[in-house]
Amino acid sequence: MKKLLFGLILLTGIGLSADEYKKHQKLCVGGDPKACNTLGSMYDSGYDFNQAKIYYKKACDGGNANGCANLGKRYEPEAGTQKQYAPSIKLYVKACDAGSAIGCAYLGNMYELANGLKKDYPKAIELYEKSCNAGSAIGCAYLGNMYEHGKALKADRLKAEEFYTKSCYGGSGLGCYNLGAMYYEAQHKDSDHSVVKSLFREACGLGEILGCKNYRLLSKE
């Protein structure tokens, strides 16, 4: 059996028709920060990160908390010094304090991974719970990961499954992928992988690259 590519990679985006794009652009120019955030997400999904940052900044400056969270994610280095995470952390704090569920999730991730902050699993869990309870699918995925791997709490695969499922139904490719990966690891090599494949396919459709890669690997089998 081919080895699957497990890991945590998140790509999120949003698609707009030409008419919707023009509508949101007009609204953004007119001072609607939510529309600016939507445009930023659209450019994000198209890998035009410079344009995404421009619109996220407009959204954040206009008072859109999710725009601040998304801008922080764009500033976040793939691998940097502790000081390089400071701009992102500042934006995550601002976003979370302003009621952005995704901002709380991203801030919690900084505590979990010790990126720019001292590692603090209990604080990460607190923020993930706040995020998930407020409706953030990625916050639920992060929380499920804490339960699956027993980070600062008793490992509980049923709890992990619960939060991954909630995340997946909420539209997070990471949640779908992690749920599929957890199911796969619990199966025998000769098991029917149809459910796992469905979850990987769903993750792929939601922009999770590892979902796409592992769906193809299972399909070849």
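That block above? That's the structure.
For clarity, every value in this text was computed on a predicted model and none was experimentally measured. Every chain is numbered on its own, with residues counted from 1 as its sequence reads. Only residues with pLDDT of at least 70 are given local features in this predicted model, and only at 80 or more are side-chain atom pairs given and counted; all residues enter the totals for whole chains, interfaces and linings. Processing note: side-chain calculations cover all non-hydrogen atoms of the structure and skip hydrogens and water entirely.

(A) Representation of helix H2 (residues 33-45) in the model. The helix count covers DSSP runs of H or I at least four residues long, the strand count covers runs of E at least two residues long, and both are numbered beginning at the N terminus. A helix's residues, less one, multiplied by 1.5 Å, set its expected span. Helix length check: H2 (13 residues) gives 19 Å between terminal C-alpha atoms against 18 Å at 1.5 Å per residue, within 8%. Buried residues dominate H2, accounting for 11 of its 13 residues. Classification of residues uses two cut-offs on accessible area relative to the type maximum, computed with a 1.4 Å probe and protein chains only: under 20% is buried, over 50% is exposed, and between them is partly exposed. All buried positions along H2 are accounted for by Pro33, Ala35, Cys36, Asn37, Thr38, Leu39, Gly40, Ser41, Met42, Tyr43 and Asp44. Note on definitions: a residue-residue contact is assigned when non-hydrogen atoms from the two residues lie within 4.5 Å. Contacts made by the buried residues of H2 are with helix H1 (18-29), helix H3 (49-61) and helix H4 (65-75).

(B) Up close: the pattern of salt bridges. Take a side-chain nitrogen of Lys or Arg and a carboxyl oxygen of Asp or Glu: if they are within 4 Å of each other, that pair is a salt bridge. On inspection of all chains with the given rule, the structure shows six salt bridges. A salt bridge links Glu162 to Lys159, with the shortest nitrogen-to-oxygen separation between them at 3.8 Å. Here Lys159 and Glu162 lie together in helix H9 (residues 157-169), a separation of three residues that amounts to about one turn. Its relative accessible area of 44% is what places Glu162 among the partly exposed residues.

(C) Layout of the packing of H1 against H2. The interhelical angle for the contact between H1 and H2, taken along N-to-C directions, is 135°, at an axis separation of 8 Å. Between H1 and H2, the crossing angle belongs to the class labelled oblique. When the axes of H1 and H2 are compared, the crossing they make is left-handed. In this structure, H1 contributes Tyr21, His24, Gln25, Leu27 and Cys28 to the contact, and H2 contributes Ala35, Cys36, Thr38, Leu39, Met42 and Tyr43. Each residue is assigned to one of three groups, with Ala, Val, Leu, Ile, Met, Phe, Trp, Tyr, Cys and Pro labelled nonpolar, Asp, Glu, Lys and Arg labelled charged, and all others, Gly among them, labelled polar. Across the contact of H1 with H2, the residue classes tally to eight nonpolar, three polar and no charged. The angle between two axes is taken between their N-to-C directions and runs from 0 to 180 degrees, where each axis is a line fitted to C-alpha atoms and a helix contributes only its stretch in contact. We call two directions roughly parallel when the angle between them is under 35 degrees, roughly antiparallel when it is over 145, roughly perpendicular when it lies between 65 and 115, and oblique otherwise. For any pair of crossing helices, the crossing counts as left-handed if the nearer helix is rotated counterclockwise from the farther one by less than a right angle, and right-handed if it is rotated clockwise.

(D) Fine view of the state of the cysteines. In this description, the term disulfide denotes a pair of cysteine sulfurs within 2.5 Å. Under the defined criterion, the tally for this structure stands at six disulfides. A sulfur-sulfur separation of 2.0 Å characterises the disulfide bridge that pairs Cys60 with Cys68. Linking Cys60 and Cys68, the disulfide has an S-S dihedral of approximately 90° and is accordingly described as right-handed. Residues Cys60 and Cys68 agree in their burial class; the two are buried. Here Cys168 connects covalently by a disulfide to Cys176, the sulfurs 2.0 Å from one another. Taking the torsion about the sulfur-sulfur bond, which here is approximately 90°, the covalent link between Cys168 and Cys176 counts as right-handed.

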